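Listed below are the residues making up each chain.
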Amino acid sequence: MKFLKSAALLGALAAAPAVFADEAAPVLDTADNGFILLSAMLVLFMSVPAIGLFYGGMARSKNVLSVLEQCLVVFCMAIMLWFIIGYSFAFGPTDGFLGDFFGGFGNLFLSSVNAESLSGTLSEYTWVIFQGAFCAISACLIVGSTVERVKFPGLILAVGLWIVFSYAPLCHQVWGGGFIDSVFHAYDFAGGTVVHINAGICGIVGALMIGKRHDLGRSNMAPHNVSYTYIGSALLWIGWLGFNAGSELTADGISALAFINTVICPAAAALAWMCGEWIMFRKPSTLGTSSGVVAGLVAITPACAFVGPVGAMIIGFIAGFVGLWGVHGFKKITKIDDSLDVFGVHGLCGITGALLTGIFCAPSLGGQGFKEGWDSIAGQFYGQFMSVVVTVIWSLVVSVIAFKVADILVGIRVTPEEESEGLDLASHGERGYNL
């Protein structure tokens, strides 16, 4: 009798893990799912129309439609590539050494993803489109570096290669449990390395390899419609709230912290940029203040869930001055014609935000604490620094190869005659304005 009782007890204990496993199985949370679908919509809004207006206004009138077309087509291509291969490379199942760098081929064309599959408490389709929106805006950022002289097919090919071999693998390394996350334990809440540094490096590589606009320094390069740029920056700010707050993947206190920091930091950066211009040029400009907003948005992206509001404010002030120097100082030193200052704002402010995250995440400075694996500012800063180094090297190598391949296959620069005519007519056969 005692043996039977023991056997029954052992049987019950053996069955318990299965019961607990069933209870712990992920279940779709409709509130979380709705929140992230709304956030994905805001992130998609950043590409169409926000970045197009922001960049289009800074171009000359003869190139405005070419900029809008480049942004629109790059956006569409990025979504297609994410569906075909990008999601699999970023988040697909894989094993072995390559698993530190790529997600594998298990989810090509969203294989194994259906209406019933889950990613945590979200529909996996929701996770796919949310991350796909990040991929799309990242690719669109690159457009600003090469406007007014890039060959349309060359840009599309180069950015397409960058999406597959730089964006998706770095996404896996940072957010998919890959090399950067597992080795350096770096914080990057919403894309300081994956999005901004990555795109900034690709942009400046493209600008350097294509060369300067032939009339740079000899013609008026002033933006043709700062009002477009102002509207674009405002729309980016709105969309960025979904970008950052949505990255918590649920509507809780951390998403609220990310939201408020995404308001505070850009406001501080815009004021810093304005003050810097006021000191340097005696007059603050709408273009500068709008650019300051974007500089602050970039800088707070990796940090927004890990630093307190005071930390976000300080990061914003620093980023405003860094972005201002990137536009007016870095370009003078390097003499690279980064047309719309993609590296000066996204690259440099992305690096600034990534590094400062390692400082202001400290509880003693109002932050949320260090990532597992570090227990001090010095350790976390080292992890942040190494994540920047890996991102820069990876993106640099891929970007050089991508633009070189594009140059060999289709060319990456229009003729001087086409550049003088303007890419609206030369590349697309239309005018932005019929006067």
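Given the structure is predicted, the values throughout are model-derived calculations rather than measurements.

Enquirer: Tell me about the overall build of the protein, and name the residues and values.
Expert: When you go through the protein residue by residue, the secondary structure sums to 15 helices and 2 strands. A compact globule built from 435 residues would reach a C-alpha radius of gyration of about 22 Å, and the protein, at 23 Å, matches this within 12%. Dimensions of the protein, computed from C-alpha atoms along their principal axes, come out at roughly 100 × 50 × 35 Å. Burial analysis of the protein (435 residues in total) assigns 54% to the buried set. For the protein, the share of sequence-separated contacts (at least 6 apart) that also reach a separation of at least 24 residues comes to 78%. Accessible surface, the protein as shown: approximately 17700 Å² in total, 70% of it carbon and sulfur. With 18 positive and 28 negative side-chain charges, the protein shows a spacing of 13 Å between the two charge centroids.

Enquirer: Give a detailed account of the packing of helix α10 (residues 286-300) against helix α12 (residues 342-360), specifying residues and quantitative values.
Expert: Contact pair α10 / α12: the axes reach a minimum separation of 7 Å and the direction vectors enclose 40 degrees. Relative to α12, the element α10 is oriented oblique. Between α10 and α12 lies a crossing of right-handed hand. Of the residues in α12, those in contact with Val294, Ala295, Val298 and Ala299 of α10 are Val345, His346, Cys349, Gly350 and Gly353.

Enquirer: So, the packing of helix α11 (residues 309-334) against α12: which residues are in play, and what are the values?
Expert: Contact geometry for α11 and α12: axes closest at 9 Å, N-to-C directions at 150 degrees. Considering the angle they form, α11 stands roughly antiparallel to α12. Here the hand of the crossing between α11 and α12 comes out right-handed. Listed contacts from α12 to Gly311, Ile314, Ile315, Ile318, Ala319, Val322, Gly323, Trp325, Gly326, Val327 and Phe330 of α11 are Phe343, Gly344, Val345, Leu348, Cys349, Thr352, Leu356 and Phe360. Considered class by class, the residues forming the contact of α11 with α12 number 14 nonpolar, 5 polar and no charged.

Enquirer: Describe the pattern of salt bridges, and please don't skip the residues or the numbers.
Expert: Within this structure, the stated rule accounts for 8 salt bridges. Residues glutamate 148 and arginine 60 are paired through a salt bridge, measuring 3.1 Å at the closest nitrogen-oxygen approach. With a gap of 88 residues between them, glutamate 148 in the loop between α4 (124-142) and α5 (152-175) and arginine 60 in the loop between α2 (30-58) and α3 (64-91) connect regions that are remote in the sequence. When its relative accessible area of 2% is taken as the criterion, glutamate 148 is described as buried. Arginine 60 sits in the buried class, given a relative accessible area of 9%. Put simply, aspartate 337 and arginine 149 hold a salt bridge, and the shortest N to O gap is 3.9 Å. Here arginine 149 lies in the loop between α4 and α5 and aspartate 337 lies in the loop between α11 and α12, a separation of 188 residues in the sequence.

Enquirer: Summarise the confidence of the model for the protein; cite the residues concerned and give the values.
Expert: As a general rule, the predicted coordinates of low-pLDDT regions are not to be interpreted in detail. Of the residues in the protein, 94% have a pLDDT of 70 or more, and the chain-wide mean is 93. Within the model, pLDDT remains below 50 along residues 1-22, and this stretch shows 0 contacts once partners closer than five positions in the same chain are excluded.

Enquirer: Explain α5 to me, and be specific about the residues and the numbers.
Expert: Along α5, the helix axis deviates most sharply at isoleucine 163, where the bend reaches about 40 degrees. Burial analysis of α5 places 19 of its 24 residues in the buried class, which makes it a mostly covered element. Positive phi shows up at glycine 177, right after α5, with a value of about 80 degrees.

Enquirer: Quick rundown of the environment of isoleucine 84? Include the residues and the values.
Expert: Looking at the element boundaries, isoleucine 84 is found in helix α3. It is 9.9 Å that separates the C-alpha atoms of isoleucine 84 and valine 164, two residues lying 80 residues apart in sequence. Those residues in contact with isoleucine 84, other than ones at most four positions away along the chain, are Leu108 and Phe109.

Enquirer: Got a sec to walk through the side chain of aspartate 424? Specific residues and values, please.
Expert: Tracing the sequence through the fold places aspartate 424 in helix α15 (residues 423-428). Summary of buried charges: aspartate 424 has no salt-bridge partner, and the nearest side chain of opposite charge, arginine 431, is 7.9 Å away. Those residues in contact with aspartate 424 that sit more than four places away from it in its chain are Ser61, Lys62, Asn63, Val64, Leu65, Ser66, Gly429, Glu430, Arg431 and Gly432.

Enquirer: How would you explain the environment of methionine 274 if you had to name every residue and give the values?
Expert: Relative to the helices and strands, methionine 274 resides in helix α9 (residues 253-281). Separated by 231 residues in the primary sequence, methionine 274 and valine 43 place their C-alpha atoms 27 Å from one another. If we skip the residues at most four places from it in the chain, methionine 274 touches Pro284 and Thr289.

Enquirer: So, the nonpolar core: which residues are in play, and what are the values?
Expert: Judged by nonpolar contacts, the single largest core of 120 residues is most densely connected at Ile51, Tyr55, Trp82, Ile163, Tyr167, Phe243 and Ile315. Broken down by element, the residue count for this core peaks at 14 residues, all from α3. In this structure isoleucine 51 touches Met46, Cys71, Ile137, Cys140, Leu141 and Leu236, once residues within four positions along its chain are discounted.

Enquirer: Break down α11 for me, with residues and values.
Expert: Compared with the 38 Å implied by 1.5 Å per residue over 26 residues, the 35 Å span of α11 between its first and last C-alpha is a close match. At glycine 326, α11 shows its strongest bend, of approximately 45 degrees. Within α11, the full set of buried residues consists of Gly311, Ala312, Ile315, Gly316, Ala319, Gly320, Gly323, Leu324, Gly326, Val327, Gly329 and Phe330. Looking at the buried positions of α11, the neighbouring elements they touch are α7 (192-210), α9, α10 and α12. Two residues or fewer past α11, lysine 335 is found with a positive phi of approximately 60 degrees.

Enquirer: Tell me what's going on with a nonpolar patch on the surface, and back it up with residues and numbers.
Expert: A cluster of nonpolar side chains, Ile393, Val397, Ile401, Val405, Ile408, Leu409 and Val410, forms an exposed patch at the surface whose accessible area comes to about 630 Å². Note on placement: isoleucine 393 falls in helix α13 (residues 377-409).

Thresholds applied
Residues numbered from 1 in each chain as written. Predicted model: local features only at pLDDT ≥ 70, side-chain atom pairs only at ≥ 80, totals over all residues. Heavy atoms only, no water. Helix = DSSP H or I, 4+ residues; strand = E, 2+ residues; numbered from the N terminus. Rg over C-alpha atoms; globule rule 2.2 N^0.38 Å. Buried < 20%, exposed > 50% of the residue type's maximum accessible area, 1.4 Å probe, protein only. Contact = heavy atoms within 4.5 Å. Areas by Shrake-Rupley, 256 points an atom, 1.4 Å probe, with all protein chains shown as cover. Lys, Arg positive; Asp, Glu negative; His and termini not counted. Charge placed at Lys NZ, Arg CZ, Asp CG, Glu CD. Axes fitted to C-alpha atoms, helices over the stretch in contact; angles between N-to-C directions. Parallel < 35°, antiparallel > 145°, perpendicular 65-115°, else oblique. Left-handed = near helix turned anticlockwise from the far one by under 90°. Nonpolar A, V, L, I, M, F, W, Y, C, P; charged D, E, K, R; others polar. Salt bridge = Lys/Arg side-chain N within 4 Å of Asp/Glu carboxyl O. pLDDT = per-residue confidence, 0-100. Bend = angle between axes of the 7 residues up to and from the residue. Core = buried A, V, L, I, M, F, W, Y, C linked by side-chain atoms within 4.5 Å. Expected span 1.5 Å × (residues − 1). Patch = residues over 30% accessible without salt bridge, like charges linked within 9 Å, V, L, I, M, F, W, Y side chains within 5 Å.

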